[in-house]
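# Chains, contacts and geometry: an overview
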Amino acid sequence: MTRTTTSTPPLKIDPAAAEPAPAPVSRLHEYYELCKPRVVMLIVFTAIVGMFMAVPGLPPLAALLWGTIGISLQAASAAAVNQIIDREIDARMKRTCGRPLVTGSLSLTHSIAFATAIGLAGFVVLWFLVNPLTAVLTQLTLVGYAGVYTLFLKRATPQNIVIGGASGAAPPVLGWAAVTGTIDPHALILFLIIFIWTPPHFWALAIERREEYAKVGVPMLPVTHGVEFTATQVLLYTLLLIAVTILPFAVGMSGWPYLIAALLLGGRFLQMAVQLKFAPRKGLPMKTFGYSIVYLMAIFTALLVDHYLR
């Protein structure tokens, strides 16, 4: 008797079906990265300092809480819109090629929806739970950064970061307005500090990444005018920055502890700017860029500490 055997056909596996779906935690992390969290944290920190500087004691809890939430949401929305607009440029630059829109971990549609939702949420929070002035100023800041700077200035002029720096300098004014409902001259001094800080901060990075900016056609100052000229501008702006950081002491807004801290911090910044101009070496631009972030955080911390020592 003949035994008939039947063979089981090989199992066919669809490669696409074999890939696991993105974990919810991973997806949340991608949205988090879309918001440029490190940049937003610095923005929100300076806004919070503005809130505390606006009053002799502690700011009202509601203004502090809702103001921080609203400004954070709108700043995150602006950062997300920046990545949406710059996604093609980001894909060609080493520093930004790992961003969610470039890697495809987030779709363009989802990113636009997310940026719109948190931007609207931030505006609503500020309008109804803080005050309309803060809501309008924050919205103008979002439009200035995400629209005017990212969409136009960044691609139009080597002075992009100077003109566009006004948006990045606004958070202390927003924080002050959240607490008082006014635009105070002292808040404008804080604005001026960040406004003057922005060019030497960003141009140090641009020197390091000049070849990448040239490749993608973004007219950053080192690309259009050369590294030596840019280093000169970093030095001149650093000198101006030191002068501007003396203003809080000069107008009686801060005392001697702040002034001493500002001069020490500024002296180190100036030392690095001088080296960048007259004794450049490999790695110095990024080192200067890194210090500039520490510098701004330290300056605003010194303002805050001095405010409560007086």
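All values reported here derive from a predicted model rather than from experimental measurement.

### Some words on the overall build of the chain
Scanning the chain from terminus to terminus reveals 17 helices and 0 strands. Overall, the chain is about 110 × 50 × 35 Å in size when its C-alpha atoms are taken along their principal axes. Out of the 310 residues in the chain, the part that is buried amounts to 48%. A sequence separation of at least 24 residues applies to 73% of the contacts in the chain between residues at least 6 apart. For the chain, the accessible surface area stands at approximately 15300 Å², while carbon and sulfur atoms represent 69% of it. Taking the 21 positively charged and 13 negatively charged side chains of the chain as two groups, their mean positions are separated by 4 Å.

### A closer look at the environment of Arg310
With respect to the element layout, Arg310 can be found in the segment after helix H17 (284-309). You can call Arg310 exposed: its relative accessible area is 59%. Spatially, the C-alpha atoms of Arg310 and Tyr291 are 28 Å apart, while their sequence positions differ by 19 residues. Not counting residues within four places of it along the chain, the set of residues in contact with Arg310 comprises Gly252, Met253, Ser254 and Gly255. Looking at Arg310, its side chain comes within polar contact range of the main-chain oxygen of Gly252, at 3.0 Å.

### Thoughts on the pattern of salt bridges
Enumeration according to the criterion identifies 6 salt bridges in this entry. In this structure, the salt-bridge partner of Arg209 is Glu212, at a minimum N-O distance of 3.3 Å. A salt bridge links Glu228 to Lys277, with the shortest nitrogen-to-oxygen separation between them at 3.6 Å. Residue Glu228 is found in helix H14 (residues 227-245), and its partner Lys277 is found in helix H16 (residues 256-278); the two are separated by 49 residues along the sequence. Among the charged side chains, a salt-bridge network with shared partners connects Asp86, Lys154 and Arg155.

### Considerations on the environment of Leu284
Take Leu284: it is sitting in helix H17. Residues Leu284 and Gln159 lie 125 residues apart in sequence; the distance between their C-alpha atoms is 23 Å. Among residues more than four places away in sequence, those in contact with Leu284 are Met272, Gln275, Leu276 and Ala279.

### Focus on the packing of aromatic side chains
Under the definition given, this model contains 10 aromatic pairs. Centre to centre, the rings of Phe269 and Tyr295 are 5.2 Å apart; their planes meet at 65 degrees, and the pair counts as edge-to-face. Taken as a pair, Phe269 in helix H16 and Tyr295 in helix H17 lie far apart in primary sequence, 26 residues in all. Each member of the pair Phe269 and Tyr295 is classed as buried. Ring-pair connections join several aromatic residues into one group, and the members of that group are Phe269, Tyr291 and Tyr295.

### Description of unusual backbone geometry
Its identity is not glycine, yet Lys36 carries a phi of approximately 50 degrees, on the positive side. Here Lys36 lies in the loop between helix H2 (24-34) and helix H3 (37-53). Taking relative accessible area as the criterion, Lys36 reaches 14% and is therefore assigned buried.

### Some remarks on H3
For H3, spanning 17 residues, the distance from its first C-alpha to its last is 24 Å, which sits close to the expected 24 Å at 1.5 Å a residue. Within H3 the residues assigned to the buried category are Pro37, Val40, Leu42, Val44, Thr46, Ala47, Val49, Gly50, Met51, Phe52 and Met53.

### With respect to the nonpolar core
Ranked by internal contacts, the top residues of the largest apolar core, which has 68 residues, are Trp197, Tyr295, Ile299 and Phe300. Looking at this core, the element that brings in the most residues is helix H11 (residues 185-208), giving 12 residues. Residues contacting Tyr295, with those up to four places away along its chain left out, are Trp197, Leu241, Thr245, Leu265, Gly266 and Phe269.

Calculation rules
Residues numbered from 1 in each chain as written. Predicted model: local features only at pLDDT ≥ 70, side-chain atom pairs only at ≥ 80, totals over all residues. Heavy atoms only, no water. Helix = DSSP H or I, 4+ residues; strand = E, 2+ residues; numbered from the N terminus. Buried < 20%, exposed > 50% of the residue type's maximum accessible area, 1.4 Å probe, protein only. Contact = heavy atoms within 4.5 Å. Areas by Shrake-Rupley, 256 points an atom, 1.4 Å probe, with all protein chains shown as cover. Lys, Arg positive; Asp, Glu negative; His and termini not counted. Charge placed at Lys NZ, Arg CZ, Asp CG, Glu CD. Polar contact = N/O pair within 3.5 Å; in protein donor to acceptor, adjacent residues only side chain to side chain. Salt bridge = Lys/Arg side-chain N within 4 Å of Asp/Glu carboxyl O. Phe/Tyr/Trp six-rings, centres within 6.5 Å; stacked < 30°, edge-to-face > 60°. Expected span 1.5 Å × (residues − 1). Core = buried A, V, L, I, M, F, W, Y, C linked by side-chain atoms within 4.5 Å.

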